[in-house]
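Below are the chains, spelled out letter by letter.
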Amino acid sequence: MNLQDMRSITSVFLLSLLLVVDGSYAHAQSDMPSAQQIQQFKNLPRAQQEQLARQMGFDISILQQGQGGTQAANSTNQAELVEREIDEAQISEQRARQSVVQNQARELKPFGFELFQSREAAAAPLSNMPVPPNYVLGPGDSIKLQLFGKETGSFELSVNNEGNIDVPDLGPMQVAGVGFQELKQLVNEKYNQQKIGVTPFVSMGQLRSIQVFLVGEVFRPGPLVINSLSTITTALINSGGVSEIGSLREIELKRSGKTVATFDMYELIVNGDTSNDIRLEQGDVIFVPTVERIVSVDGEVRRPALYEVLEGDNLASLMRLAGGTLPSADTSAVQLVSAAGGKGLSVNSVNLNTSEAQQISLRNGDFVRVPKATLEFSNAIKVRGAINVPTIMADTGRLRLSDILSSQTVLANTDLDYGIVARRGRLDAKTQILQFVPNEIIQGSADINLQAFDEVFLFNRVANNEEDGIAQQVADNKFEDVGEDIAEEESEFLENEENSRFSPEAFSAPSSVTDSRKTLLAPLIARLRNESSNEHSMRLVEVKGQVKYPGVYPLPEDASLQNMIRAAGGLTEAAHLEMAEISKLVVESGQSQTKHEQISLLNQLAMPEAQQVRLKPRDVLSVLRIPNWYDNETVELKGEVVFPGVYQISRGETLASIIERAGGLTQDASINAAIFTRNELKERERENIERAIEDLREQLANNNLSNSQFSRTIDYDNATRVLNDLTDVEPVGRMIINLEDIVAGVKSEDVTLKTGDVLTVPNVTPAISVIGEVFVSNTYRFDERLSIDDYIERAGGAREYADTSKIYIVRADGSVMVPQRTYWFNSDSESMLMPGDTIVVPRDVTNYDNISLWQGITQIIYQSAIAVAAIGSL
């Protein structure tokens, strides 16, 4: 038997004896072995563990359960967590009380407090993180010991309350207060001295928890349990952080009654410096004093906030805390508001670009505002309209218009006869308009030296000269029509345009290549209106009449007649070259009056441009139209005409002459059924229908609200049906004519034509139509033996709501004949019914208020239906 076997037998014997002595054997069948017993079992070889487990009557798997139970027990010893919802507004309210400008300061966030916002779990070092070599062991820690060589084994040794661990085969060892690196050396030395051939490996197991105290201006004062590797930051975060008036920069760590460290949390937040965030020990005290110095930083900085500053901090260090200034900041005019020692407040303008300013010391309550710089291009030239160049061009000091405008940059739709440069320096009060001919710039016969803040306009010669919204109103406003409401809208429009004229917005402005004259000129027109005063007339002129783009235009320095006609796109084909008129506003004897001057465009435009008449502010140039000039006036002939179609007409031409030009009427023409329509009559009918609808709705509403015993009851179902029928009526614009007399040459019956007139000559089938309040509206073959009543009976007779006393006949030519009751049964229809007639049985409206309204409405519906049916039958 070798020495190892003897040791094993001895261990088994001693373990069994220990169980008996402890009284554990008596209840081994029902209770688990103790942790000490399990540890001794783990030190035995596997075979002896199984043998002893059988003898004692328990399952060997409790060894693993014991290990898990130890882990669970240790894991319950977790760090405490205090939940806190950070109310930044409340914190700002408290800290802003120290500011000299409280109202503005309370709008700022308190810097650094977001670190204390509630979280789901306590902040603690990771369980698998390396233990630092200088970690000092204490009661509650556990050491993992693994043996290799002649003997093998794995042990977890807990540091007891006396600071000892029980090293297998070597006995107890005092480790409390020993560093982790020192412990490894001690264990190695002990095994080298007492266990030859055995190599130990030491690592940390479970870490102990410690209790520290937080006092002063903290959210939750008192004791706090944390992990033994925790630092000042960990403790503050888990305890909810500092109070509204607590310091984040002068946090003291006290150990054994002495201050061992002062922690500045800003160093961690701003610079990531943890050098002073030292590890805590059992019984440490964290003291948070009241914040002494609060400085507010607002404006163009990266982190506007309420900051705590230390004694000796200056403006430069404050700007570093705020993350520095933004590119938009005006660092030459920073405002520093301070208390003047009981004498009120003082404000100083500081240039941060100087070293002296950066060294200015800060005091409690200071308020620093970094203003926004003027965000305008200082050397820019703006180009708008029909040209392919960037919107913003740099002024090099030698830039000329020809450098921008060339055959490569103009577009196919660029107006090569009109362009302007609007010149107004940044501090100028008035705008100067320089007009040029783009084609002359391209050819090299003219040029303009450009300056910073110039605006170059190139116009589209084919774009629609219309615009929606305020731009249209501004461009269309006549000089005498500038009302108060329009002026207010124009002022807002101008303000928006001027604010963005040379701002960064202009750099990213949408393309204006397809913009019309009105769109491009509206901001400039609004500006020139705004610049006018009793000393400076409004430098605008109006060009109207026979020009391509009538409107209001800026008055250039060289306001020749030719230039203003170029601005309006040139003359139209209908322009009267012998006659034009310039209207001028003249003030005499304190009163204004308008004078008119007639000029010959032909004579003026034949002169050299320098000798032409000059227009002045507020002048109105009217280019008249050639008398009797009509662009395209047409009428249309339909139906039974030899040559139907669209015909061009001349001024004063009549219907008889156009029928003659069309070859006359065919043999099948029903001349008495002709329908003549005119657009202006159609519009008038539309207005009458809309008025009738409105009146009908008003009557229905009044009747519905009236409770008078004298009000007549309205059948609302029938009334609503009438209203719907009226809404569906499409105006025809029919004018009753006697086409037979017109063709026969009766001049008194002839009609002078207007553009859009339409003559429809149908071939009427010999039939009689019956419509209105009959059971079946229909058309029947004309029979001269039948009377009106016979046709109504064929249509099923009159309905309940028919007014048989008001039956009337609509002739094919549109005229209306009201027969007498005595003729209804007269079979001699030669003087009564004719082919193409329509018998109308109207609705009975005698029970309605405003009978004439209802009668008119029903007549509109029926007659419109007859005309539409006649035209649609072709």
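Residues numbered from 1 in each chain as written. Predicted model: local features only at pLDDT ≥ 70, side-chain atom pairs only at ≥ 80, totals over all residues. Heavy atoms only, no water.

## Structural notes on helix H17 (residues 517–531)
Part 1: Taking 1.5 Å of rise per residue, 15 residues should cover 21 Å, and H17 covers 21 Å from first to last C-alpha, within 8% of that figure.
Part 2: Along H17, the largest kink reaches about 30 degrees and is centred on proline 523. (Helix = DSSP H or I, 4+ residues; strand = E, 2+ residues; numbered from the N terminus. Expected span 1.5 Å × (residues − 1). Bend = angle between axes of the 7 residues up to and from the residue.)

## As for the sheet that holds strand E5 (residues 198–204)
In a beta sheet, neighbouring strands are held together by backbone hydrogen bonds and run either parallel or antiparallel to one another.
Part 1: In space, the three strands of this open sheet follow the order E2-E1-E5, with antiparallel pairing throughout. Both edges of this open sheet fall to strand E2 (153–158) and E5, since each of them pairs with a single strand only. Each neighbouring strand pair of the sheet contributes to a mean axis angle of 25 degrees, computed without reference to strand direction.
Part 2: Here strand E1 (residues 142–149) pairs with E5 via seven bridges, running antiparallel. Bridge pairing in E5 places lysine 144 opposite serine 203. (Pairing = 2+ DSSP bridges. Axes fitted to C-alpha atoms, helices over the stretch in contact; angles between N-to-C directions.)

## A few points about the packing of aromatic side chains
Part 1: In the structure shown here, the tally under the stated rule is seven aromatic pairs.
Part 2: Ring geometry for tyrosine 418 against phenylalanine 459: centres 4.8 Å apart, planes inclined by 10 degrees, an arrangement best described as stacked. Separated by 41 residues along the polypeptide, tyrosine 418 in strand E18 (residues 414–423) and phenylalanine 459 in strand E20 (residues 454–460) bring together distant segments of the chain. Judged on exposure class, the residue tyrosine 418 and its partner phenylalanine 459 are both buried.
Part 3: For the pair phenylalanine 457 and phenylalanine 459, a centre-to-centre distance of 6.4 Å together with 10 degrees between the ring planes defines the contact as stacked.
Part 4: An aromatic cluster is present here, built from Tyr418, Phe457, Phe459 and Tyr553 joined pairwise through their rings. (Phe/Tyr/Trp six-rings, centres within 6.5 Å; stacked < 30°, edge-to-face > 60°. Buried < 20%, exposed > 50% of the residue type's maximum accessible area, 1.4 Å probe, protein only.)

## Points about the nonpolar core
Part 1: The biggest cluster of nonpolar side chains holds 46 residues, and the ones touching the most others in it are Phe116, Leu236, Leu280, Ile286, Tyr307 and Leu318.
Part 2: Residues within four places of phenylalanine 116 in sequence aside, it is in contact with Arg84, Ile86, Leu236, Ile237, Gly240, Gly241, Val242, Leu248 and Met265.
Part 3: With 35 residues, the next largest nonpolar core counts Ala422, Leu528, Val543 and Met564 among its residues. (Core = buried A, V, L, I, M, F, W, Y, C linked by side-chain atoms within 4.5 Å. Contact = heavy atoms within 4.5 Å.)

## Side note on helix H5 (residues 88–95)
Part 1: Every buried residue belonging to H5 is among Ile91, Ser92 and Arg95, and all of these are buried. One side of H5 carries all its buried residues, which in axial view fall inside an arc of 100 degrees.
Part 2: Close packing links the buried residues of H5 with strand E11 (294–299) and strand E12 (305–308). (Arc of directions from axis to C-beta.)

## With respect to the pattern of salt bridges
Part 1: Tallied over the full model, the rule gives 29 salt bridges.
Part 2: The partner of aspartate 447 in a salt bridge is arginine 400, with the nearest N and O atoms 3.0 Å apart. Separated by 47 residues along the polypeptide, aspartate 447 in the loop between helix H13 (438–443) and E20 and arginine 400 in the loop between strand E17 (392–394) and helix H12 (401–404) bring together distant segments of the chain.
Part 3: The partner of arginine 678 in a salt bridge is aspartate 757, and the shortest N-O contact between them spans 2.7 Å. (Salt bridge = Lys/Arg side-chain N within 4 Å of Asp/Glu carboxyl O.)

## Notes on the sheet that holds strand E25 (residues 620–625)
Part 1: Taken together, the five strands give an open sheet; going across it, the order is E22-E21-E25-E23-E24, and neighbouring strands pair in mixed fashion. Of all strands in the sheet, those with a lone pairing partner are strand E22 (551–554) and strand E24 (591–599), marking the two edges. Across the sheet, the axes of successive neighbouring strands diverge by a mean angle of 25 degrees, strand direction being ignored.
Part 2: Sheet strands touched by H17: strand E21 (540–545) and E22. Its angle to E22, the strand with the most contacts, is close to 65 degrees.

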